[in-house]
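Descriptive analysis of the structure
Next come the chains, spelled out residue by residue.
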Amino acid sequence: MRAPRSRVTTALRGAVIAVGLIALAGCQADELGYGPKAERPLSHAIKAEMAAKKMKPSDPILVRLFKEESKLEVWKRTSTGRYALLQDYDICKWSGKLGPKKKEGDRQAPEGFYTIRPAQMNPNSSYHLSFNTGFPNAFDRAHGRTGSNLMVHGACSSRGCYAMTDEQIQEIYALAREAFKGGQRDFQFEAFPFRMTAENMARHADDENMPFWRMLKTGYDHFEVTHVPPKVDVCDKRYVFDAQPENANSPFIATAACPVYEVPEPLRLAVAAKEKADDEKTAMIVAKLEREREREKAWKNGDTAIAKLFGPGNEASETPRGASVPAGVANGGQASALAAYSTPGATPAPGAPVPPANPERDEVASTGSTKSGFFSSLFTGEERRPVSPVAPASERPANAPLPAQSATLPAAPATGQAAAAEATGPIPVPKETAAGEEKKEGTGSKVSKMVSRWFSFGKDGN
């Protein structure tokens, strides 16, 4: 017996609908899951991480980002009321260089403090998922900065944005979605050029953006001290943090003078102490880096006393300034004069040139040391020893007569510093020493100017 036509028709319709639903679900499935991308649940792994840190999916979040380190962090409020780091992600790509975005088309990714609301979340992004950073904010507009559609998105491709992988942005998006569902009205997005440590501030001390970055660092320090997102306002074209106006009816206006306000005393003191310690450390590192740069520059230019001492034209091995060279004591003349004194029984003729001093032979004879008098004095402070023109007794035959005294022969050598000066003349001082002292002053001046510039954030925002 055949089934009624109405039943067959109903069964066929049900089958068609089921096939359609399966096809629709298949269209929305990908390697990261199935169903609408913006509604996919958090992974079991991230939920377990939250539970271990005493967090709930519905707890508020904060997002921090560091360009130079290419890191994005998601912080979440714990049961203590303070925030803790939940997860960090490697940024796939970001545009431009360190420094804020200033105008449309410069392909710079923004830096500063931004507010993200549910309306800025884009479930239909062409880059998997995304949220708008909110650039330009009140501070950016006060400085005439322009730009639009600056996003944090997926697809690992950036033109002025911060690009993540699809998997990363899906998890970040889901964390924000759950926080909004839990009652958070907006979350703070903090974009920094780098982690605002003393070491990093020193490395970038001569950057034109340093005054702006020091202002960002104040907000960074507020969070580092409290682990609570700071209250951010803009007045007098600058950021102010956790400011409480004396008159509750006095608003903060970005382009107007700041109203009278105060920061809670415990917080103000804690932040001031951190800033003081960081500034002192930064100044020390800046001075050290400047010295290293000057030293490296000097070595590259051959501008050091050591390079002068051992390089061509070494004055230490030349005739001392002011000393006259007798005729014949040049090239082979010196060898002839030395032979006249070292040959057994030989007596130099009157007027014969005195052979040049041999500090190494003299010191070997007197001390048994092989150190060169001049070079060792660089490190030990010893005086250069006077040198006798007569060979030591150990080098002369027993019957060798001493050279006869002559009016042309030098008197017996003096002792001490006078002898050193007479034997060698004044030790030449490389000209670069004076220049080096000037450079040292220049370095101090550079450091002083560099440090003073940190505290001079101009109203042009640079």
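Being a predicted model, the structure only gives us computed values, none of them experimental.

**A short note on the sheet that holds strand E2 (residues 71-77)**
Strand pairing in a sheet takes place through backbone hydrogen bonds and is either antiparallel or parallel in direction. Strand order in the open sheet formed by five strands is E3-E2-E1-E10-E5, and the pairing between neighbours is mixed. In the strand order of this sheet, the two ends are held by strand E3 (83-90) and strand E5 (112-116), each with one partner. Looking at each pair of strands side by side, their axes are set apart by 20 degrees on average, direction ignored. By the bridge criterion, six bridges tie strand E1 (residues 61-66) to E2 in an arrangement that is antiparallel. Bridge pairing in E2 links isoleucine 61 to lysine 76. The strands touched by helix H4 (residues 166-181) within the sheet are E1, E2, E3, E5 and strand E10 (187-192), with E3 carrying the most contacts at an inclination of about 155 degrees. Where helix H6 (residues 210-226) meets the sheet, its contacts fall on E1, E2, E3, E5 and E10, and the angle it forms with E1 comes to roughly 135 degrees.

**Observations regarding unusual backbone geometry**
Here the amide bond leading from phenylalanine 135 into proline 136 is cis, since omega sits at 0 degrees, within 30 degrees of zero. If you trace the backbone, proline 136 turns up in the loop between strand E7 (130-132) and helix H3 (138-142). Within the chain, asparagine 149 stands out as a residue other than glycine whose phi angle is a positive 55 degrees. Its place among the elements puts asparagine 149 in the loop between H3 and strand E8 (151-153). Despite not being glycine, alanine 155 has its phi angle at roughly 75 degrees, a positive value. When its relative accessible area of 40% is taken as the criterion, alanine 155 is described as partly exposed.

About the cut-offs
- Residues numbered from 1 in each chain as written.
- Predicted model: local features only at pLDDT ≥ 70, side-chain atom pairs only at ≥ 80, totals over all residues.
- Heavy atoms only, no water.
- Pairing = 2+ DSSP bridges.
- Helix = DSSP H or I, 4+ residues; strand = E, 2+ residues; numbered from the N terminus.
- Axes fitted to C-alpha atoms, helices over the stretch in contact; angles between N-to-C directions.
- Contact = heavy atoms within 4.5 Å.
- Buried < 20%, exposed > 50% of the residue type's maximum accessible area, 1.4 Å probe, protein only.

Purely geometric numbers; function is a separate question.
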